[in-house]
Amino acid sequence: MQVLKQHIEVLIFAAEQSITIEEISNCLKNVFGWEVPKEEIIASIEELKTKYSLDDFSFELSEIAGGFQFLTKKEYMTTLGVLLQQKAQKKLSTAALETLSIIAYKQPVTKTEIEQIRGVDCNYSIQKLLEKDLIEIKGKSDGPGKAMVFATSKTFMEYFGIKSVTDLPVLKDIQPEINSIGTLPQE
């Protein structure tokens, strides 16, 4: 097991999304028959984190969405952002972003509940968010009609760089302005 760290490194590198310790352990067991203790995997990951934290590398090993993934360091994000912008397909519409926000903060949530908040039909937005893998179907509600229940996906967490939905910014209390119509000026 002298090359354990290299095998873990290649698994993290090749994974399209963050990879968990359990997934790493299963891969090592399937390929080599190795029963690697969780502590050894974690120790190897910590060594890799230290290695990639050096200034020689433009990326780092980060814990994200319940697993590990190589990510670009912040000082190189602008350069990468230009490339991604050039390659980006169509961005999410305002309606899709609103729908995604509602799902993120209210999850698990049904389409009807989303529509009650937005006040408009959300079929198209939900479909686009499902296609982009930003949300997923988590099951069916217990209510009448057994409506599908939506929640954010692992891709959502990776895209926004959060470990879990508890890392979302806290919604501030919004105080509506007092707006009276038809009041007479006081003399």
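Everything numeric here is computed off the predicted structure, so don't read it as measured data.

Enquirer: Could you clarify how one ought to interpret the packing of helix H1 (residues 4-14) against helix H3 (residues 38-52) in this entry?
Expert: Where H1 meets H3, the closest approach of the two axes is 9 Å, and the angle between their N-to-C directions is 75°. As summarised for this structure, H1 and H3 are arranged roughly perpendicular, according to the angle between their axes. Of the residues in H3, those touching H1 at Leu4, Lys5, Ile8, Glu9 and Ile12 are Glu40, Ile41, Ser44, Ile45, Glu47, Leu48, Lys51 and Tyr52. Residue composition of the contact of H1 with H3, by class: seven nonpolar, one polar and five charged.

Enquirer: Please clarify how helix H5 (residues 94-106) should be interpreted in this entry.
Expert: Note on helix geometry: an α-helix contains 3.6 residues per turn, so any two residues three or four positions apart are oriented the same way. Its 13 residues place the ends of H5 18 Å apart at the C-alpha level, agreeing with the 18 Å of an ideal helix rising 1.5 Å per residue. Taken together, the buried positions of H5 are occupied by Ala96, Thr99, Leu100, Ile102, Ile103 and Ala104. For H5, the secondary structure elements touched by its buried residues are strand S3 (109-110), helix H6 (111-118), helix H7 (123-131), strand S4 (135-140), strand S5 (148-152) and helix H8 (154-160).

Enquirer: Is there a simple way to explain the pattern of salt bridges in this structure?
Expert: Oppositely charged side chains are able to pair whenever their charged atoms sit close together. Applying the stated criterion to the full structure yields eight salt bridges. The residue Glu115 makes a salt bridge to Lys111 at a minimum N-O spacing of 2.9 Å. Here Glu115 pairs with Lys111, and both are found in helix H6, just four residues apart, close to one helical turn. Taking the relative accessible area as the measure of exposure, Lys111 reaches 25% and is therefore partly exposed. A salt bridge links Lys128 to Glu131, with the nearest nitrogen and oxygen atoms 3.2 Å apart. Remark: Glu131 and Lys128 occur in helix H7; sequence separation between them is three residues, near one turn of the helix. A relative accessible area of 27% places Lys128 in the partly exposed class.

Thresholds, definitions, all that
- Residues numbered from 1 in each chain as written.
- Predicted model: local features only at pLDDT ≥ 70, side-chain atom pairs only at ≥ 80, totals over all residues.
- Heavy atoms only, no water.
- Axes fitted to C-alpha atoms, helices over the stretch in contact; angles between N-to-C directions.
- Helix = DSSP H or I, 4+ residues; strand = E, 2+ residues; numbered from the N terminus.
- Parallel < 35°, antiparallel > 145°, perpendicular 65-115°, else oblique.
- Contact = heavy atoms within 4.5 Å.
- Nonpolar A, V, L, I, M, F, W, Y, C, P; charged D, E, K, R; others polar.
- Expected span 1.5 Å × (residues − 1).
- Buried < 20%, exposed > 50% of the residue type's maximum accessible area, 1.4 Å probe, protein only.
- Salt bridge = Lys/Arg side-chain N within 4 Å of Asp/Glu carboxyl O.

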